[in-house]
Amino acid sequence: MVRIVVRTPQDIGALIRARRRSLGMSQADLASKLGTSRLWITEIERGKPRASLVLILQALSALGLELVTDDEGKSALEPQTTTGNALMKEMRRREK
């Protein structure tokens, strides 16, 4: 299990973007899978602070990610299929 600490909407957006790209999905592909617009995906990936929690959780699930809370009350997201190291490298590379 790889632990990725998420503290801000921007962290969730970066994770969604990195995972989507690592799966070779376009924003339109993910939007279609979620039944939402490509604009919504763009806003989430940019860290929109007032996004629907239900859609965020659906996006994470569609990308094979799961939200987990540890004993210390910190949130972590763990990839189910992609190694966390590769995902973190992608997140960092995309944010530069």
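Refer to the structure presented above.
In this report, the structure presented in the accompanying data block is examined. Counting from 1, residues in each chain are numbered in the order their sequence is written. Reporting in this predicted model follows two pLDDT cut-offs: at least 70 for local features of residues, and 80 or more for side-chain atom pairs to be given and counted; totals over whole chains, interfaces and linings ignore these cut-offs and use all residues. Note that water and hydrogens are dropped before the side-chain values are worked out from all heavy atoms of the structure.

**Concerning the overall build of the protein**
Assigned secondary structure in the protein consists of five helices and three strands. Strands here mean DSSP runs of E at least two residues long; helices mean DSSP runs of H or I at least four residues long; both are numbered from the N terminus. Order of helices (α) and strands (β) in the protein, N terminus to C terminus: β-α-α-α-α-β-β-α. Within the span of the protein, comprising 96 residues, buried residues form 39% of the whole. Computed with the Shrake-Rupley method and a 1.4 Å probe, the accessible areas treat only the protein chains shown as cover for residues. With an accessible surface of roughly 5,900 Å², the protein has 48% of that area assigned to carbon and sulfur atoms. Summary of the burial criterion: residues with accessible area below 20% of their type's maximum are buried, those above 50% are exposed, and those between are partly exposed, where the area comes from a 1.4 Å probe applied to protein chains only.

**Considering helix 1 (residues 9-22)**
Multiplying 1.5 Å by the residue count of a helix minus one yields the expected span of that helix. Between its terminal C-alpha atoms helix 1 stretches 20 Å, which fits the 20 Å expected from 14 residues at 1.5 Å a residue. Within helix 1, the full set of buried residues consists of Gly13, Ala14, Leu15, Ile16, Arg17, Ala18, Arg19 and Arg20. At the exit of helix 1 stands glycine 24, carrying a positive phi of roughly 75 degrees.

**Here's the deal with helix 2 (residues 27-34)**
Owing to its 3.6 residues per turn, the α-helix aligns residues three or four sequence positions apart on the same side. For helix 2, the full list of buried residues reads Gln27, Leu30, Ala31 and Leu34. The buried side chains of helix 2 occupy one side of the element, clustering within an arc of 100 degrees when seen end-on. Set apart from the buried face of helix 2 by more than 90 degrees, the exposed residues are Ser32 and Lys33. Just downstream of helix 2, glycine 35 is the residue with a positive phi angle, here 75 degrees. What the arc covers is the set of directions going from the helix axis to the C-beta atoms.

**Quick look at the nonpolar core**
Residues belong to one nonpolar core when they are buried, are Ala, Val, Leu, Ile, Met, Phe, Trp, Tyr or Cys, and are joined through side-chain atoms within 4.5 Å. The biggest cluster of nonpolar side chains holds 16 residues, and the ones touching the most others in it are Ile16, Leu30, Leu34, Trp40, Ile41, Leu60 and Leu63. Counting residues per element, the ones that place at least two in this core are helix 1, helix 2, helix 3 (38-45) and helix 4 (53-62). Among the elements that line this core, the one with the most residues is helix 4, at four residues. Sequence-distant contacts of isoleucine 41, defined by excluding residues within four places in its chain, comprise Arg20, Gln27, Leu30, Ala31, Leu34 and Thr36. It only takes one pair of heavy atoms within 4.5 Å for two residues to be counted as in contact.

**Considering the environment of leucine 39**
Within the element layout of this structure, leucine 39 appears in helix 3. C-alpha separation for the pair leucine 39 and glutamine 27, spaced 12 residues apart in sequence, amounts to 8.5 Å.

**So, the side chain of glutamate 45**
One can find glutamate 45 in helix 3. You can call glutamate 45 buried: its relative accessible area is 5%. Apart from residues no more than four positions distant in its own chain, glutamate 45 is found in contact with Gly13, Ala14, Ile16, Arg17, Arg20 and Gln27.

Bear in mind that shape data such as this cannot, by itself, settle questions of function.
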